[in-house]
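Remarks on the overall topology
So you can see what is in the structure, the chains are spelled out below.
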2 protein chains.
Amino acid sequence: MRLSHYSSKNKMLVAVDCIIFGFDGSQLNLLLIQRGFEPEKGKWSLMGGFVQKEETIEDAAARVLKELTGLNDVYMEQLHAFSAIKRDPTERTISIVFSSLINIREYRRQMNDDYHAQWFPLTKLPVLIFDHKEMIGLALQKLRYKAAFHPIVFELLPEKFTLPQLQNLYELIYDQVLDKRNFSRKILSTGLLIKQKDKEKESSKRGAFYYKLDKRKYQAQFNSFLNFIPNPDNFRRP
Amino acid sequence: MRLSHYSSKNKMLVAVDCIIFGFDGSQLNLLLIQRGFEPEKGKWSLMGGFVQKEETIEDAAARVLKELTGLNDVYMEQLHAFSAIKRDPTERTISIVFSSLINIREYRRQMNDDYHAQWFPLTKLPVLIFDHKEMIGLALQKLRYKAAFHPIVFELLPEKFTLPQLQNLYELIYDQVLDKRNFSRKILSTGLLIKQKDKEKESSKRGAFYYKLDKRKYQAQFNSFLNFIPNPDNFRRP
DNA sequence: ACAAAAGTGTTTTCGGTACACCCATGC
DNA sequence: GCATGGGTGTACCGAAAACACTTTTGT
């Protein structure tokens, strides 16, 4: 019985990369940094780093994000592992990608200027290192897939938001125009939203009522399959 | 510029584990092997092995499956990466899990008795090593999720199959009884099935017509969202 | 003739979609 | 008073669900 170790000739580096989506009220954005070390130093990149021996990949993702952006307590979920042999030309590295939806405003305080992270609109991404563009494409695909059935987009919104804002967000995600009458009926029929007494008056004269998410129902109904998008078959590819 | 290498103190082993579902006409099964090396030698396990330096994780999964079962050309897809620090008590190992649906009969020829792989009904799994039970739970969850919208269950069936067989399979996957009239209407309305002239006469006196999958339409409509299960909210957990 | 499984049709209900007008307000 | 965006209702259609009887054939 050789319990002490396996053959170690195949040990390799494992990295995590973090894809953070944020919504600023009018655009869907991704958080990127300028890579701080060679190779490709200075080029734009996802937040990434190596998994340490004594941490899980989830811990590594949280740590890397904290170190590079100051963001704390962001819930990320696993997306996919990328393992092309030369994906990082320096050395064989497998990367496990995580992604997350956050509310830009809530986290803005945490992200002071010590960090060089920057938000880019999805439509105006810079050139990215390695296979990061492919990673983002997959993340967007999954976002579209998941948001069609689960009420996850609320993660991107502040606590109080208006129906026009919410609709705008769906329109951005699916890159298609939705009918506001049908949209509001469908959303409200879930019973997930609580209408507030006050209005948001910046973006229109009349003002739009705020809503809050009913968090209890949100938890309970998360697995109810919704169907916000008329024909999800028509997903446009990123 | 130090291009030659990163710090290597955090290199670790990366493994793949393969979850293979098979349907024998009346039961949903999983393919398992008796582990061939320490620790836990002789215990039941998923097909697993270490990723080599010069192969992708997808290649590793295919190789491992071939080595341990003789199965060739099985399409597997990534499920999840497991990274708990002590998941393999011998040494820190991250495992990336793949899963697949196969037609037992078609692959039976490939699986001769040189290999000790064995099919277990989902309802009668043995005790498994490490976190393999958790992996299987997740795979089953994903199968349920995906099969509710995509016509993937045909992967589990032989080329010719009957509607009662197909319905039985859905009932096993979701552990719920379906109405055969609604079921057949729904399935046939997809236009994915081609009725054959002959009947399967083993499981009933009258016999049930065989159908074949229209592979052209299957490709084309894979992303059409179907909805075979009345209320997917009622998914029972594994 | 009867048991056992295959096969088929109708009605109701509900959710999805298309579509157009009035409302509140700041300028 | 008018331009801007917010908010609401209705009619039609198709898919989902509930539901029961007839057919075939081996024994």
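In this text, all values refer to a predicted model and were calculated from it rather than measured experimentally. (Residues numbered from 1 in each chain as written. Chains lettered and ligands numbered in written order. Predicted model: local features only at pLDDT ≥ 70, side-chain atom pairs only at ≥ 80, totals over all residues. Heavy atoms only, no water.)

**Comments concerning the interface of chain B and chain A**
Counting residues at the interface gives 50 residues for chain B, matched by 50 residues for chain A. Together chain B and chain A conceal approximately 4500 Å² of surface at their shared face, both sides included; 59% is due to carbon and sulfur atoms. Linking chain B to chain A there are two salt bridges. Residue E91 of chain A is joined to K11 of chain B by a salt bridge in which the shortest nitrogen-to-oxygen separation is 2.9 Å. Between chain B and chain A we count 33 residue pairs in polar contact (both at pLDDT 80 or more) in total. Elements that contribute at least two residues to the side of chain B that touches chain A include exactly β1 (13–23), α1 (57–69), β5 (77–82) and β6 (93–103) of chain B. Broken down by class, the residue content of the side of chain B that touches chain A amounts to 22 nonpolar, 14 polar and 14 charged. (Contact = heavy atoms within 4.5 Å. Buried area = accessible area lost by both parts, 1.4 Å probe. Salt bridge = Lys/Arg side-chain N within 4 Å of Asp/Glu carboxyl O. Polar contact = N/O pair within 3.5 Å; in protein donor to acceptor, adjacent residues only side chain to side chain. Helix = DSSP H or I, 4+ residues; strand = E, 2+ residues; numbered from the N terminus. Nonpolar A, V, L, I, M, F, W, Y, C, P; charged D, E, K, R; others polar.)

**A short note on the protein's contact with DNA strand C**
In the region of DNA strand C, 21 residues are neighbours, and R181, N182 and R206 of chain A together with R181 and R206 of chain B sit closest. Near the protein, meaning within 4 Å, the atoms of DNA strand C are sugar or phosphate in a fraction of 41%, with bases accounting for the rest. Residue K180 of chain B places a side-chain N or O atom 3.0 Å away from a base nitrogen belonging to DNA strand C. Note that a phosphate oxygen of DNA strand C is positioned 3.0 Å from one of the backbone N or O atoms of F209 of chain B. Of the residues in the surface near DNA strand C, the class split is four nonpolar, four polar and 13 charged. (Near = heavy atom within 4 Å.)

**Observations regarding the protein's contact with DNA strand D**
With respect to spatial proximity, 20 residues lie near DNA strand D, and among them K180, R181 and R206 of chain A together with R181 and R206 of chain B are the closest. A share of 40% is what sugar and phosphate atoms reach among the atoms of DNA strand D within 4 Å of the protein. A distance of 3.1 Å is found between a base nitrogen of DNA strand D and a side-chain nitrogen or oxygen belonging to N182 of chain B. The separation between a phosphate oxygen of DNA strand D and a polar side-chain atom of K186 of chain B is 3.2 Å. Among the elements of the structure, α5 (180–189) and β10 (208–213) of chain A together with α5 (180–189) of chain B are those that each provide at least two residues to the surface near DNA strand D. A total of four residues in the surface near DNA strand D trace back to one element, the largest contributor, which is α5 of chain B.

**Examining the packing of aromatic side chains**
The full count for this structure, using the stated rule, is 15 aromatic pairs over all chains. For the pair F154 of chain A and F161 of chain A, a centre-to-centre distance of 5.7 Å together with 40° between the ring planes defines the contact as tilted. The exposure class assigned to F154 of chain A is buried, which follows from its relative accessible area of 7%. By relative accessible area, F161 of chain A is classed as buried at 1%. Clustering of aromatic rings is evident, with ring pairs tying together Y145 and F149 of chain A together with Y145 and F149 of chain B. Lying over the aromatic face of F209 of chain B, K199 of chain B brings its terminal NZ or CZ to 4.7 Å of the ring centre. (Phe/Tyr/Trp six-rings, centres within 6.5 Å; stacked < 30°, edge-to-face > 60°. Buried < 20%, exposed > 50% of the residue type's maximum accessible area, 1.4 Å probe, protein only. Lys NZ or Arg CZ within 6 Å of the ring centre and 35° of its normal.)

**Describing the relation of the copies chain B and chain A**
Relative to chain A, chain B is turned by 179° and slid 0.0 Å along the rotation axis, the superposed coordinates differing by an RMSD of 0.1 Å. The relationship between the two copies is best expressed as a two-fold rotation axis. Here 100% of the contact residues of chain B are again contact residues in chain A; the copies associate through an equivalent surface. (Least-squares fit on C-alpha atoms with pLDDT ≥ 70 in both.)

**A short note on unusual backbone geometry**
The residue D73 of chain A is not glycine, and still its phi comes out positive at about 55°. Counting through the fold element by element, D73 of chain A comes out in the loop between α1 (57–69) and β5 (77–82).

**A look at the sheet that holds strand β8 (residues 160–162) of chain B**
Residue and element names in this part refer to chain B. With antiparallel pairing, three strands are arranged side by side in an open sheet as β8-β10-β9. The sheet is open, and its two borders are formed by β8 and β9 (193–200), each paired with just one other strand. Direction aside, neighbouring strands of the sheet carry axes that sit 45° apart on average. Pairing geometry for β9 and strand β10 (residues 208–213), over five bridges, is antiparallel. Paired with L193 across the bridge in β10 is L213. Against the sheet, helix α4 (residues 163–174) contacts β8, β9 and β10, and its axis sits at roughly 75° relative to β8. (Pairing = 2+ DSSP bridges. Axes fitted to C-alpha atoms, helices over the stretch in contact; angles between N-to-C directions.)

**Examining a positive patch on the surface**
On the surface, K180, K195, K199, K201 and R206 of chain B cluster together into a patch of positive charge. You can see K199 of chain B is positioned in strand β9. (Patch = residues over 30% accessible without salt bridge, like charges linked within 9 Å, V, L, I, M, F, W, Y side chains within 5 Å. Areas by Shrake-Rupley, 256 points an atom, 1.4 Å probe, with all protein chains shown as cover. Lys, Arg positive; Asp, Glu negative; His and termini not counted. Charge placed at Lys NZ, Arg CZ, Asp CG, Glu CD.)

**Observations regarding the packing of helix α3 (residues 132–147) of chain B against α4 of chain B**
Residues and elements named next belong to chain B. Between α3 and α4, the least distance of the axes is 10 Å, while the angle of their chain directions is 130°. Comparing the axis directions of α3 and α4 gives the class oblique. Relative to α4, the crossing made by α3 is left-handed. Mapping the contact onto sequence places L143, R144 and A147 in α3 and Y170, I173 and Y174 in α4. Looking at the contact of α3 with α4 residue by residue, the classes come out as five nonpolar, no polar and one charged. (Parallel < 35°, antiparallel > 145°, perpendicular 65-115°, else oblique. Left-handed = near helix turned anticlockwise from the far one by under 90°.)

**Considering the environment of I194 of chain B**
All names here are of chain B. Looking at the element boundaries, I194 is found in strand β9. For the pair I194 and K160, spaced 34 residues apart in sequence, the C-alpha to C-alpha distance is 9.7 Å. In contact with I194, not counting residues within four places along its chain, are Y210, Y211, K212 and D214.

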